[in-house]
Amino acid sequence: MSSLEKRLSAFRQLPLKAQLTMINATKANAVLAQNQEYLASLEQIHEECLQKATLEAQKAYEKAKIHLSS
């Protein structure tokens, strides 16, 4: 398993809010933001995890997302 695959696998295990925080931090980092393929992979995994989450987890995530954006 490559280093990238290991990082993406570990990312998949994070809670939804932590995934969102990591995506936002990656976008804010001048060096990491240049790697569009990596960023797209993070966003795809995040979307998959969000779709598989329970309704309760999705509601908690949406609430946290509102607080993060304000």
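Here the structure is a predicted model, which is why all the values come from computation and not from measurement. Here, residues in each chain are numbered from 1, in the same order as that chain's written sequence. A pLDDT threshold of at least 70 governs which residues receive local features in this predicted model, and a stricter bar of 80 or more applies before side-chain atom pairs are shown or counted, although totals over entire chains, interfaces and linings include all residues. Side-chain numbers come from the whole structure's heavy atoms, not from hydrogens or water.

### Focus on the overall build of the protein chain
Part 1: Helix and strand definitions here come from DSSP, where helices need a minimum of 4 consecutive H or I residues and strands a minimum of 2 consecutive E residues; each element is numbered from the N-terminal end. Along the backbone of the protein chain there are four helices and zero strands.
Part 2: Listing each helix as α and each strand as β along the protein chain from the N terminus yields α-α-α-α.
Part 3: Viewed in the frame of its principal axes, the protein chain has a C-alpha envelope of about 35 × 30 × 15 Å.
Part 4: Residue contacts are counted whenever heavy atoms from the two residues lie within 4.5 Å of one another. Excluding contacts between residues fewer than 6 apart, the proportion of contacts in the protein chain whose partners are at least 24 apart in sequence is 54%.
Part 5: Surface accessibility of the protein chain: about 5,100 Å² in total, with carbon and sulfur atoms responsible for 56%.
Part 6: Lys and Arg are tallied as positive, Asp and Glu as negative. Neither His nor the chain termini are counted. Where a charge lies is defined by one atom per residue type, namely NZ (Lys), CZ (Arg), CG (Asp) and CD (Glu). Computed over 9 positive and 7 negative side-chain charges, the inter-centroid distance for the protein chain is 6 Å. Method for areas: the Shrake-Rupley scheme with a 1.4 Å probe, in which residue coverage is limited to the protein chains shown.

### A short note on the packing of aromatic side chains
Part 1: The rule is short: rings of Phe, Tyr and Trp, with Trp giving its six-membered ring, pair when the centres are within 6.5 Å, and they are stacked under 30 degrees, edge-to-face over 60, tilted in between. By the definition in use, this model includes zero aromatic pairs.
Part 2: The ring of Tyr38 has Arg7 sitting right over it, with the charged end atom 5.4 Å from the ring centre. Our definition puts a charge over a ring when NZ of Lys or CZ of Arg is within 6 Å of the ring centre and also within 35 degrees of the ring normal.

### Overview of the packing of helix α2 (residues 16-28) against helix α3 (residues 36-52)
Part 1: At their nearest, the axes of α2 and α3 sit 10 Å apart, and the two run at 160 degrees to each other. Regarding the angle of α2 to α3, the classification is roughly antiparallel. Crossing angle aside, the handedness with which α2 passes α3 is left-handed. The residues of α3 that touch α2, namely those facing Leu16, Gln19, Leu20, Met22, Ile23, Thr26 and Lys27, are Tyr38, Leu39, Leu42, Glu43, His46, Cys49 and Leu50. Helix axes are fitted to C-alpha atoms over the stretch in contact, other axes to C-alpha atoms as well, and angles between N-to-C directions run from 0 to 180 degrees. Roughly parallel refers to an angle under 35 degrees, roughly antiparallel to one over 145, roughly perpendicular to one between 65 and 115, and oblique to any angle outside these ranges. The sense of a crossing depends on the near helix, which, turned anticlockwise from the far helix by less than a right angle, makes the crossing left-handed and, turned clockwise, makes it right-handed.

### Brief notes about the packing of α2 against helix α4 (residues 55-69)
Part 1: It is at 9 Å that the axes of α2 and α4 come closest, and there the two elements cross at 35 degrees. The way α2 lies across α4 gives a crossing that is right-handed. Along its contact with α2, which presents Leu16, Lys17, Leu20 and Thr21, the element α4 presents Ala57, Tyr61, Ala64, Lys65 and Leu68.

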